[in-house]
Structure formats: structure tokens, C-alpha cells
Amino acid sequence: MASIIDIKEECALHVRDFEFTYKGAESPSLKKITMPIAKHSITALIGPSGCGKTTLLRSFNRMHDLYPGNTYAGEIEFEGRNILSDKEDLIHLRTKIGMIFQKPTAFPMSIFDNVAYGMRLQGIKNKTELSDRVEKALKDAAIWKEVSDRLKHDANGLSGGQQQRLCIARAIAVEPEVLLFDEPTSALDPISTQGIERLVIELKERVSIIIVTHNMQQAARVSDYTGFMYLGELIELGETEKLFVTPKEKLTQEYITGKFG
Amino acid sequence: MASIIDIKEECALHVRDFEFTYKGAESPSLKKITMPIAKHSITALIGPSGCGKTTLLRSFNRMHDLYPGNTYAGEIEFEGRNILSDKEDLIHLRTKIGMIFQKPTAFPMSIFDNVAYGMRLQGIKNKTELSDRVEKALKDAAIWKEVSDRLKHDANGLSGGQQQRLCIARAIAVEPEVLLFDEPTSALDPISTQGIERLVIELKERVSIIIVTHNMQQAARVSDYTGFMYLGELIELGETEKLFVTPKEKLTQEYITGKFG
Amino acid sequence: MIDKIFFNFTRFSALLILIIVAWIFTVLFNHSLEAMSTFGLDFITKDEWAPNLDKFGAHAAILGSIISTMLAMMLAVPIAIGVAIFLSEIAHDKIKGFFGVSVELLAAIPSVIYGMWGLFFFVPIIRDIFGGLGIGLLAAGIVLAIMILPFMAAVTRDAMNTTPDILKESAYALGGTQWDVIKDIIIPYAKAGIIGSLILALGRAIGETMAVTFVMGNVHKVPGSILDPTTSIPVTLANEFSEADSSLYFSSLFGLALTLLIMSFVVIAVAKFYFLRKARRA
Amino acid sequence: MLPRYENKLNEIRTQLSRLVASIISANGETLQAFEKDQDDLYESARIHLKTIQTDANTIDNEVIKTLALYGPEAEELRLLVAFLKMTNELDRVGENMKKYNNRIQELCRGECDITIMTPSIIQLQKTTLNALVYIHDYLEAINTSDAQELFRKVSVEESKNDDLFSIIEKDLLNLISESHELSADYVKVLSTLRKLERTGDRTVNIAALLLYAQQGGELNFHA
Amino acid sequence: MLPRYENKLNEIRTQLSRLVASIISANGETLQAFEKDQDDLYESARIHLKTIQTDANTIDNEVIKTLALYGPEAEELRLLVAFLKMTNELDRVGENMKKYNNRIQELCRGECDITIMTPSIIQLQKTTLNALVYIHDYLEAINTSDAQELFRKVSVEESKNDDLFSIIEKDLLNLISESHELSADYVKVLSTLRKLERTGDRTVNIAALLLYAQQGGELNFHA
Amino acid sequence: MTAVQKRVLINKIALAFSTLSALIALGFLFWILGVLVMKGISALNWNIFIFEGAPPGNPESGLKHALVGQAILIGMATAIGVPLGILAGTYLSEYGKNSKLAHTIRDISDIMMSAPSIVIGAFVYAIVVMPMGHFSAWAGAIALGIIMIPVILRTTDDMLQLVPGELREAAFALGAPKYKVILSVVYRGAKAGILTGVLLGIARVGGETAPLLFTSFNDNFFTTDLNEAMPSLTVTIFNYATSPYEDWQQLGWAAAFILSMFILGLNILGRLILLAGKKRK
């Protein structure tokens, strides 16, 4: 019954018959999800609380593996391989698929070191290279002007919106292919939210983006494709413009017109 | 420059040349605010963070008096007297002007005791009267069905949305004239938010309501009058329908169309 | 009205703390005046402690306190951090729960019991390995280390556990290994808390009486090696307070108590004001 | 959905339905007036048509308010947009009816003999009336009705309307060629009846809008 | 405002402006064709008018998407609603222009002698052209332009248009009374020119919509 | 080796080290616990609860005197420390808040909490024992009470501060006076926390030996006279363990076991209460 469009563009990720079961749960939290994620586009996942949108997002970089006992089934194709395979190198995967969290997660170090962190993990030690790439990342994250004169300061001195942009800079500094955003503005005020949304839209030139949001308007504003999830299933995936004007599924229609939560 | 409409209805509160200064601050946080609050209507206060909307709201029940050193000027007329007067009986005032907070504030006691709390403070001890009025308040707050079989249970066992409705029941149980809502849904999920909004609209039959919200859409959805505040001033007060279609002030226009935060 | 009465009650109770502390200092100072005026600086630089001669030099006791504490810290700190890492990051849920609770409960066991164990079980081992009495600085240091270990591990783990999950997750999301996350995120995040906790443990070790009383020896002599028996301030107080017979003897013991109080006050104050305050701010 | 929002949507729908109803009344009365040649009925039809424009404006303003306050989406948005566009059509229908009403009355008093066309004219007018009635019924039971069905029915009426108009046109051209001196008058008759033909077109447009509102897709509107 | 949203608004405005521009081109070419009696210009004008309807539909759909995605308010909402209503008007203008273009070409080839009216007809057409140009200029510089001024200027053109039409009408009625056998043809001329008169009305409606978008108040629209 | 491979290797080594240190530490700790349980249980019998202390060699010797003495001392200390601690904590959290005075009190009480308990013993010796001329239960209880106050004070302060400010404001907004807000809302909200604090405070002073050494001193016989020296489990452990007599040492182990179980029990109970409190939320 799901209505999933075929996308014309190349795919960054391709989810096929994906299922995910939390440790000890009797039934899977995500059921038979098949979903293409277009390259260099923004795909938003919406749906009521508990529909599984965050669970799906965290499957893309296998964040669930941090907590043992969770199981995957099906396939998520990325760069020609199934990243759910046991042989998948998670460290490599996570540098290719970055993530931004609900709350800003500035590390307890200087602004510079925050952005350089991922690069250092990859073994880059050359000072000039590091500082060039940090500058670039900060510029790309539209925060360079605000922090260029205090790169050595503690990152925790920044405001919430700035910290979130710093986290985005840190994530893009390692040049990932895909960026996952998990309700990136839910802890921010409206002005910072606008800044982040603007940035997300700019970033899609460079990376493919998947964003989970409980704010339907946000999905409408920023995304190219929108997937509506309900009770662990992907009910509908379509071009955002079409989905919000002419949803194909009754459930989607009812969700976006507010007839159910 | 402010554009404040004269309301046709009777006023529940009338603010005149009101100023508020926080302890130790050099300049007032609220400047020369004049504002009628219509009886049995919902008046929403919107504006960017730090514009003073919550400060204004907390002046109506003189919540600022809990923290010494804050000063008021001007007048807030309620039931024919200036409630800013030193002689004002705050305990009485606060039973007449109730308040609902950003986060649900269920007291650590049973559901019944929560609702009965305010009545007991007023010296009501008669068991039948208490339980009748508790039931009525819970019904009015549209939560009776969910809790009628567990009135003796701890209120903290309820969900966030239920707790917020419990708080509303507690506030209306003492039959106030005015209810102040301070971003009552900002800690709630979209479904609970809808429930609270519905309830707020129903309540205006009984009380006059002032609601502070950072969510413009919420103001649009629920209120009859909307006041837009900026930098401690009331820039515009008008009928919600008119304000959102044809704001009179440029600042209001720019705020609601998202040109500034 | 009731409001006012209630307020005054609470305020009096709170002020009582200040009064008691001031009182303690005053009483100890007054009672140690006699010793201080008699011996002056010699009280802390001389190690001759001869009650029958009315000669009291606390050098050995002070040194004993410092050395045994240092020894304990050197042994306990790395292991405590290891335990904390194990408990907060490595162990699986079930093990984590069991070990975690064990460690906390062990921290609650009275020190007198550690001392008893040291005396009956650990001292003989030291005697067998190194010869001599077994009782002495080394035994005291090790027993002290084992005694403060659970406390240290528990508070260090608590400090580490304050690191928000999503902070750790975001480091993993950049491709970090577990150790990367521990060393780059958790330890820096909890640094102030960890150091503060370690110093608090140090403060406890300095003032610890019972665990060391059993295994120190109570010999007023600067030890030649760490195997030698010696004494520390609390040991001296515990052993001799009820036996003191002259006023100078009492005064000297009060002097020791005052010295101990000042030492621990300084250490704890450093921990609190420098590190823990920082931790609380962050 | 908030009760308020639902009320608002419902209210707009009712207003629109009422607007269509008054056009229908006007239409019916004009028809009766024509059939029975009663001047007072022409008059009362005109009264019905008087407020169409203001009513349409009211609806537009309500739609705008609803858009501003509730930011509707999907079906509700489509419906509101359809309403916004429908008011234009209804406004035109009203205008056409006004003109038709005036001129047909005039013509009946005029020199041209249109008696042979009378049955056709009545038929012509009935098709527009039917189409409008279908639209009204649809609006009255919008949640349970099928827009596809409406579109089909209105299209049928419209093509009947077209056919009738062609026949009348042919007849009129014959009459013109027969009686030269009255040709200008017959041209007038034709232009009067063209109002009805236009109304038919409009009703199809309205049905198309309602179909769009229900089914979605692209708004595809024919002027 | 998100850059996307701003782009979208701007894009819609540009599309609309382009739509007006092609009507203007068609209008201009028809005028030239009439003045110089060049058939090919009539033809190229028709090409300009061909896509009006589809373009108008495209704009409508873009407006709907924007309403759905960004839930606009205040001035932006008014503007989008105005656009939605304007497409109807422009669509009609396009239709009128098409008909005018066809018929005027026919008439020039016809038996009626309209030479004495030619200057007036050119004037008449120029007023509609002017009004459309004003609207186009306004849309091109929407942020800095004054809608009140636009409304004033368009109204002036429209009243000129009205006056000219009345004069022509009088002339034509004279002609009709003079030459009975051509009266049907003259009536045709009149109905052709009425298309221009209608276009004038439409331009006033458009200006009124733009005034509403800029100033707010109640949408007050005259069919 | 690439940078990433190196990191993976270092990761393995570091994790192995910390697991190892955990094993060492837990090894020692379980050794101690094992000894305590083995020795304690083997020395446990009914006589312990029936008989008082007796000279070495007497089979009819027990710990009744110490158990009762301990209970009396702890009870009195609780009666002194808990109300004062709770009231003082209330002042800090509800009235003093961030004032300078409140911060000073917090800092001082933190230092007091970690101050050597034997010093408190010396202090009480000077102010109670010396004027009275002899050891007494009063002195012991006062010493323990003084140790208890800062523990209770801090947990009360912390727990009351965990009660959200909005909750207080909500009560005020219903027209409640301040003491009512504190008594009916704030205390209730922190109930579990305060109770846990009290239990942990009792556990804390229950294990104290040093301050009793020269305040309540010790006595080998049963007594309930508060003006006399009073036996306690802890001092009894110390005395018996350091004695050369085998049977006294046995009694010492039994006392150590009982004391440890008591303190562990209190700790576990405190934890359970806190856990139950959390679960409800």
C-alpha cells in the first residue's frame, strides 16, 4: 500500500526491504522499508512520534551498533555495497555518512580542535592542511565570520545555534557523502532554526542530506523529497512539492492536514 | 508608533503605560505598554526571544515579586483596581489570575490532590465539595475520562500532555477570571499540542486567556487578538485575523513573514 | 507569620554549620596553644616524641601521613580510572550493573574493616615477601589505596557518566573508536570532575584513621624505608588520646589534630574551589 | 484539526454553496419569467443577483484569512484555492446571468419574433440550471460526493448546452438571411443567448476546480 | 526568509511578468498589423497568445506549491492570492486578445468601411496596451513601485478606453442606421472592439489586486 | 599501518588495560568481602546477641552491649543531625539560593564532610568530655551528629534544588504562601531524595570509629546510661581485633560482619528508594 516514487536522479543510498529490531523487542520497529535516497538532494522523514523516523536515520550510519543486541535485515546500498553486512568497516562508514544531532554536541575542546577532530582521526597531521580545511569547513557552515577571531576559544562558549553550525562544520570537514540530520533545530530558537535551514539547503550542493524532523513545515521548507512514516512503515515517499499538495496516500493526507497527530 | 486597536468587548485587564525593570537593570525591560485584554477572548503575545512577552505575562499575576528587587511602573487594571499597588493581596490575586507554565508542573502528589490543592489553600475541606469540584475541573480540562479511574495515582505517572491538562484543571478548579499560558505546548509533542490548543479555545467560554507563544502559527490558530512585541515594546495589537493578513506595522509584517527572527 | 518563623528556623540551622566550624578551630587552637608556645616550630620539624620526657615533635607523624597518602594515591589513581572506564564504557549492561553496585557498596564499608583485613591478611603477605614486621608505610599505603579505590572509582565513573550520550555518539559518528571517544571526549569532558574527585579521595586518605591504625605501627620515627613502621597524625591521635596524662601531652595531641585539620582543609578546599567548581560550571 | 479551523472551512463552503444557490434561484426565476412572460419574476431574479459580487468578495477574504491563520495543506489547500478561483467564475456567471436576464426581457418585448426558438432557449437555459444545481448539490455534500461524477454530469450539460446553442445559432442565421432589416436585432438575440453558453463553460470550469480539489494533480484550468 | 522561498516568490513574479509581456507583445503586434495592414504580424501575435493559458496554469500551480510549502502570511500571502486571481484575469485578457486579433483581421478584409474609425480604434487599443505596460513595469519592479500609483494610471487608461469606446459605439450606431444591409457587420465590429473595452476592465481588476497585495485591507474585486 | 588501523590497535590495547585494572581492583575488593563474610559468618551465633562482653576465654561473651550501644548512639546522632541538616538544607535551597552566605555555608559544609572525623572527636573531647570529666554517650552522639549534619544538609540542598522552579512558581500561582509551598510541594517532590540522604547519612556515621574513640569511649558491659561511656560496634571491633586473644578476634569479625551488613543494607535501601522515586517519573 505504500506509495514510493522512483527517483530520476542517481541514488546516494538505496534501502531495500529493510527491517530493524531493537534488542529484546518481539517485532521489528521498522518494517520492510524500501526507499531510494537521491544524491545531492534533501530527503526529509516525517511522521508522528514513535513512527521510526529517527530509528531509520540511525540505521544509515549504523549508530544502533553502539548498543549491542539490535538487529538489521534487508539491505541498505551505499557506494555499491550493502552497509548492513557484518564486514562493513563502521569507522570508514561513519566518516562517509556524517550525522548531526538533536542538540548541539560541541566537544569539550577549542573551536578549531572541534572541527579538526574528524580529520585528525583520519591521520591528518599537517598543520597547514588542517587549518586550511578547518577554515573551509567553517566557511561552508556559515560560521567562519563569527568565530575566526576566537578559534582557540572553548567551543562551549558559543550560542546554541552557533554550536549546531559548528557541529555541521565538523561533520563536513571530513568530506562525507551523506549527512544525517536528526531534528537538528528542535533545541534551537526560531532565528537559529532559520539559519540552520538555510545552511542545510546550501549544503546539498556538496552532500546528500537526510533530515528527520517533527516539524512538518520544516520538511516542506527545506526538502526535495519527503517520506512519511507511520508505525515503522514508510507510507509514502514523494517529491516534497507534490506530497504536500497532492499526497497519494490517505494516511499522509490526514497527517499533513492535521487530522491525526 | 505602536498600533493598538481599541477592543469593542469588555476588558478583563487593562494595561496602561506599564513599565517593568528587572533587579539591577539600568533600563526597563518593558517600556510604556498600553494594552487592553478582552474578556472571554484569547489574546496571544508573540515576538522574537527576549522581546519581553513572558516578562509581561508574569506581571499579570505579579510572579516577579517572588524575586525581590524587580520594579513596576504604570498601571494594570483588574476588577477595577490597579494590581500593581503595594496593597494588592498577591495570594488573592493569584487565585483570580491563574497560570500555566512551559513545562507541565504536576505536584508530587496524587492526581486528585493536585487538582484539590488550590481549593484546599482556600480553606475548602468538605470532601464532597472537593471531589465534585475536582471532577468538574478535570472534565472541563478534558482529561476526566483518562484519569477518572486512577485519581489516587501519582500525577507524575501521566504523560506530558496529560500532565499539562492536569495543570490546567488545577488552575481552573479555583475558578479564576484570567488564565495566563506561558508557552504551554513548547515541551509537548504535536498531538498533545493539538489537544491543549483545542482545550484553550474551549476554555475561553469561561475565562479570559492570555497566551505567550514562540510559535506564530499557534497564535494564529488559537487567538482572537494578537499582540506583537519587540525589544520590550508592544508594537501592534490587533484582531488575529487582521494582524496575520494585513499587519499595520512594518515590523510586525517582517516578523510574521519571517524576514527577521 | 508562620512564614517568618519557618524562615528563621531554617536560617539558624544553616548558620549553625559556620558556628561549629569556627568553634572547632577555636577549641583546637586554644588547646594546642600550650604545645605551640613550648615547642614553637620544633613541633613540626623535630621527630622526637617522648611523652615521659614531655617532648613532643610531630615531624614523623606529619611525614607519615603525607607519605602513606602519596603512596596510596600512586597506587589507586591509575587503577581507579581503569575501573571507571571499564564500568562506564566497556562492561556490558549486566556486568556494569553488578560491578557498579559492588564498587559503590564497597565504598560504604567502614574503614575499620579494611584495617582489620589489612592487619590479619595483608600484613603477613608483606612480611613473607619483604621480611620485617610487615606493619609499616607500605602496608598502610596499600591498605589505604584499596580503601579509597571504590570511592575513587565510583566518583570517577559518575563524573564520566555525566558525558551526554549524544556527545559520545557524535564522536562515533565521525569515525572514532571507543578509546578515541574515551580519551578525546569523555575524559576531557569529565576532567575537572575527575580531578576534583581524586583530590577529595586524597583528603579522605589523609584523615583516614582506622584503616591505617592497624597497620602503621605507631612508631614516632622518620622511617628509613617504606617497609619500616612509622606513624601518622590520625594514628597517633587514635592510639594516644585516651592515654594522655599531662596537659602538654594533651596540648600536643590537639596540636596534631589542628595540623591534620588544616592539611585536609587545604587539600579539600583546593579540590573544591579549583576543580569541582569548574566541573559544576561546565 | 482544530474545531475552529474545521468550522471555518465549513463556513466558507456554506457561503459558497449559498452563493451558488442564489444564482440558481435567479436562473430559475428568469426561466420561469421567460416561460410565463412575467416581469415581476425577472425583477426578483435581479435581486438575487445583486449581492453576488460582494458575497464572492466575502468568501475570498475568508479564504485568505484561513490561509493566513491555518496554513492549510493537501486537500484543504486545494479546496481553498479552488474556492478562490471559483468565486471568479461565479462572479462571471452572475454577470452573465444579469445581462441575460436584462436582455431576454428586452427581447421578449422587442420586435423580433423568437417564438420558434422558445423551446430551444428554455432547454438551453435548463442545461445551465442543471449544471449549477449539480454544483450546488456537490458543495452541500462535499465529503461524500464524487467530483469525477460531478465533472461528468456538468460536462454532459455543457455539451447539450453547446449543441443547443449551435442549433439556435443556425436558426438565427437563417432568420437573419430571411429578414434583413431585423438582422441587428437577431444578432442581439444571439449575443444574449451566448451569455447562457458562457455560463455553461463556467460551470465546467467550476467542476474542474472541484475535481482538482478532490483528486489533486495539476490545476488545469480552461478560460 | 529562506532563500528558496524568496526564489520561489521571485520566480512566480517573473513568470507572471513574462505572461504579461507576451500579451503586450501580442497586443503590440496586433496594433502594428492593424496600422500597417500586415497579415504576418497578426499571425505572430497569435503565436504569443497561444501559451497564455498553459502559462497561467503553471503559475497557479507554483502558487499552490508555495502556499503548501511555506504557509505565507501578510504581504506575501496577499501577493500570492493576488497572483492566483490575476491569472484568471490574464487568461481572459488573452482570450479577448485572441478574439480581437482574429476578428479585427477579418473585419479589415470585410465589406465594412471602418477607415473613419481607424484612429479611434488605434487609440482604443493603445490604452489597453498602456495599461498592460504599466502592469508589466510594476511587476518588474514590485518592491520599489507604488501600487496606488499603478492603480491610478491604469484607471486613467481604462476611462480613456471607456470614452473612446463610447465614441466609437456612437459612430457605429450612426453607420448602422445609415447602411442597413451592413448593420450585422457593424454589430460585429462593435463586439470585436468590446473585447478591447473588456481588456481595459481586466487591467483595472489586476491593478486592484496588486493594490490589495501591497496595502492589504479587504480584497474587493469587481468582475 | 594506516592511521585508522593504528587507532584500532591502540583502542584494543587501551581497553584491555582498563579491563585488567578493573579485574585487579575487583579481585582485591572481593577478597576483602570474602574474608569478611567467611570469618563473620563462622563467628556468628546466638550468644552474640544474648551476652555482653566478657574477659577473654569466657565462652559466654557476646556483643549485646555493643549492638545496643551502637543503636543508642546512632539514634541520638540522627535525632541531632537530621532535623538540623534538613532545615539548614532547606534554608540553602529555598531562601539563601545563590547568595554569598549560602555559598559559604555550602563550601564549608562540603569541607566538613570530608574533614578527618578524628578531629571532630578531639573537638568533642574538648567541649564535652573535658568539662564533664568523663566519657559519655552524649559526647559520642554529639560527635556523630556533627558529622551527620553536613551530609544531610548537602543532600537536602541538592534534592530540593532538583525540584523544578516551575513547580514552586505553579504553587505560588495558585496563591500558596511560601512555607506551604515548601512543606506541601517542595518537600514532597524531594521526598525520596531526602530519605535516601538520611539513610546514607546514618550509614555514614554508623561506620565511624575514630570520633568515638575518645568521646563515648568503650565499655565491655551493657549500659543505657547516657552519662557514662557507651560501647559501640566500631570501637569494639577495633579493640577486639587489636587484642591478642583469639576468641575476641572472632567476636571482632562477627561485629565487623554485622556492622557491614547493617551499613550495606542501609545503602541498598537508600538506593532502592531513589530508584523507585525515579521510576515513577
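Refer to the structure printed above.
Now for a look at the structure at hand. (Residues numbered from 1 in each chain as written. Chains lettered and ligands numbered in written order. Predicted model: local features only at pLDDT ≥ 70, side-chain atom pairs only at ≥ 80, totals over all residues. Heavy atoms only, no water.)

**What to know about the overall build of chain A**
Regarding its fold elements, chain A presents ten helices and eleven strands. In summary, chain A has a C-alpha radius of gyration of 18 Å against a globular reference of 18 Å for 261 residues, a match within 12%. Taken along the three principal axes of its C-alpha coordinates, chain A extends 55 × 40 × 35 Å. Counting every position in chain A, which comprises 261 residues, the buried fraction comes to 59%. Sequence-distant contacts in chain A: of pairs separated by 6 or more residues, those separated by 24 or more amount to 68%. (Helix = DSSP H or I, 4+ residues; strand = E, 2+ residues; numbered from the N terminus. Rg over C-alpha atoms; globule rule 2.2 N^0.38 Å. Buried < 20%, exposed > 50% of the residue type's maximum accessible area, 1.4 Å probe, protein only. Contact = heavy atoms within 4.5 Å.)

**Thoughts on empty space enclosed by the protein**
To find the voids left in a structure, one rolls a probe of water-molecule size over its atoms. For the structure shown, the criterion picks out ten cavities of 30 Å³ or more. Within this model, the largest cavity holds a volume of roughly 100 Å³. Along the wall of the largest cavity there are 16 residues; nearest its centre are Met99(B), Cys167(B), Ala171(B), Ala170(F) and Leu174(F). Top element by residues in the lining of the largest cavity is helix α6 (residues 160–173) of chain B. It accounts for four residues. (1 Å grid on protein atoms, 1.4 Å probe; cavity = no way out; pocket = protein on both sides within 12 Å on 5 of 7 lines; lining within 4 Å. Points joined across faces, edges and corners; volume = space filled by probe spheres on them.)

**Some thoughts on the sheet that holds strand β6 (residues 81–82) of chain A**
All names here are of chain A. A sheet is described by the order of its strands in space; here four strands give the open sequence β3-β2-β5-β6, paired in antiparallel fashion. Lying at the two open borders of the sheet, with one neighbouring strand each, are β3 (30–38) and β6. Alignment of strand β2 (residues 11–21) against β3, held across six bridges, turns out to be antiparallel. When the bridges of β3 are listed, Leu-13 appears paired with Ile-37. (Pairing = 2+ DSSP bridges.)

**Considerations on the sheet that holds strand β8 (residues 178–182) of chain A**
Each strand in a sheet pairs with another by means of backbone hydrogen bonds, the pair being arranged parallel or else antiparallel. All names here are of chain A. Ordered by their spatial adjacency, seven strands build an open sheet running β1-β11-β10-β4-β9-β8-β7, and the pairing between neighbours is mixed. The open sheet has two edge strands with one neighbour each: β1 (3–4) and β7 (97–100). Inspection of the sheet shows β8 paired to strand β9 (residues 208–212) by five bridges, in the parallel sense. By the bridge assignment for β9, Asp-182 is matched with Val-212. Of the strands in this sheet, β7 and β8 are in contact with helix α6 (residues 160–173), which crosses β7 at around 175°. Lying over the sheet, helix α7 (residues 190–203) contacts β4 (42–46), β8 and β9, oriented at roughly 160° with respect to β8. (Axes fitted to C-alpha atoms, helices over the stretch in contact; angles between N-to-C directions.)

**Some words on the interface of chain C and chain F**
Often, the extent of an interface is quoted as the loss of accessible area upon association of its parts. On the side of chain F, 83 residues touch chain C, which itself brings 83 residues to the contact. Between chain C and chain F, a total of about 7200 Å² is buried, with carbon and sulfur atoms accounting for 83% of that surface. Connecting chain C to chain F are two salt bridges. We note a salt bridge from Glu104(C) to Arg271(F), for which the minimum N-O separation is 2.0 Å. At the surface where chain C touches chain F, the tally comes to five residue pairs in polar contact (both at pLDDT 80 or more). (Buried area = accessible area lost by both parts, 1.4 Å probe. Salt bridge = Lys/Arg side-chain N within 4 Å of Asp/Glu carboxyl O. Polar contact = N/O pair within 3.5 Å; in protein donor to acceptor, adjacent residues only side chain to side chain.)

**Thoughts on the pattern of salt bridges**
A side chain with one charge can pair with a side chain of the opposite charge if their charged atoms come near. By the definition in use, this model includes 75 salt bridges over all chains. Between Arg81(A) and Glu88(A) there is a salt bridge; the shortest N-O distance is 2.8 Å. Here Glu197(B) ties to Arg221(B) by a salt bridge, and the two come within 2.7 Å at their closest N and O atoms. Taken together, the residues Glu197(B) in helix α7 (residues 190–203) and Arg221(B) in helix α8 (residues 216–222) connect sequence positions 24 residues apart. On the basis of relative accessible area, Glu197(B) is assigned to the buried category, the value being 4%.

**Describing the packing of aromatic side chains**
In this structure the tally under the stated criterion is 45 aromatic pairs over all chains. When the centroid spacing of 5.0 Å and the interplanar angle of 75° are considered together, the rings of Trp49(C) and Phe56(C) count as edge-to-face. Taken as a pair, Trp49(C) and Phe56(C) share a single burial class, namely buried. Among the aromatic side chains, those forming a connected cluster through ring pairs are Phe241(C), Phe250(C), Phe254(C), Tyr125(F), Phe135(F), Phe214(F) and Phe217(F). Against the face of Phe222(F) rests Lys64(F), its NZ or CZ located 4.9 Å from the ring centre. (Phe/Tyr/Trp six-rings, centres within 6.5 Å; stacked < 30°, edge-to-face > 60°. Lys NZ or Arg CZ within 6 Å of the ring centre and 35° of its normal.)

**Some thoughts on the interface of chain B and chain E**
With eleven residues of chain B in contact, the opposing surface of chain E contributes eleven residues. In this assembly, chain B packs against chain E so that about 870 Å² is buried in total across both faces, 43% of it on carbon and sulfur atoms. Taken together, the links from chain B to chain E amount to zero salt bridges. Across the chain B-chain E interface, the total number found is five residue pairs in polar contact (both at pLDDT 80 or more). Those elements that provide at least two residues to the side of chain B that touches chain E are α8, α9 (240–245) and α10 (250–256) of chain B. The residue inventory of the side of chain B that touches chain E, partitioned by class, reads five nonpolar, five polar and one charged. (Nonpolar A, V, L, I, M, F, W, Y, C, P; charged D, E, K, R; others polar.)

**Focus on the arrangement of the chains**
There are ten pairs of chains in contact here, and the one with the most contacts is chains C and F. At the level of C-alpha atoms, the two units chain B and chain C stay apart, their nearest approach being 14 Å. The two units chain E and chain F are non-contacting; their minimal C-alpha-C-alpha distance is 34 Å.

**Structural notes on the pairing of strand β10 (residues 225–230) of chain A**
All names here are of chain A. The element β10 is extensively covered by neighbouring structure, given that five of its six residues are classed as buried. Strand direction decides the pairing type here: β4 and β10, joined by four bridges, are parallel. Residue pairing across strands places Leu-45 opposite Gly-227, the latter belonging to β10. Across six bridges, β10 lies against strand β11 (residues 233–239) in antiparallel orientation. Opposite Thr-226, over in β11, you have Gly-238 as the bridge partner. In this antiparallel pair of consecutive strands, β10 and β11, the connection spans two residues, and Leu-231 shows a positive phi of 50°.

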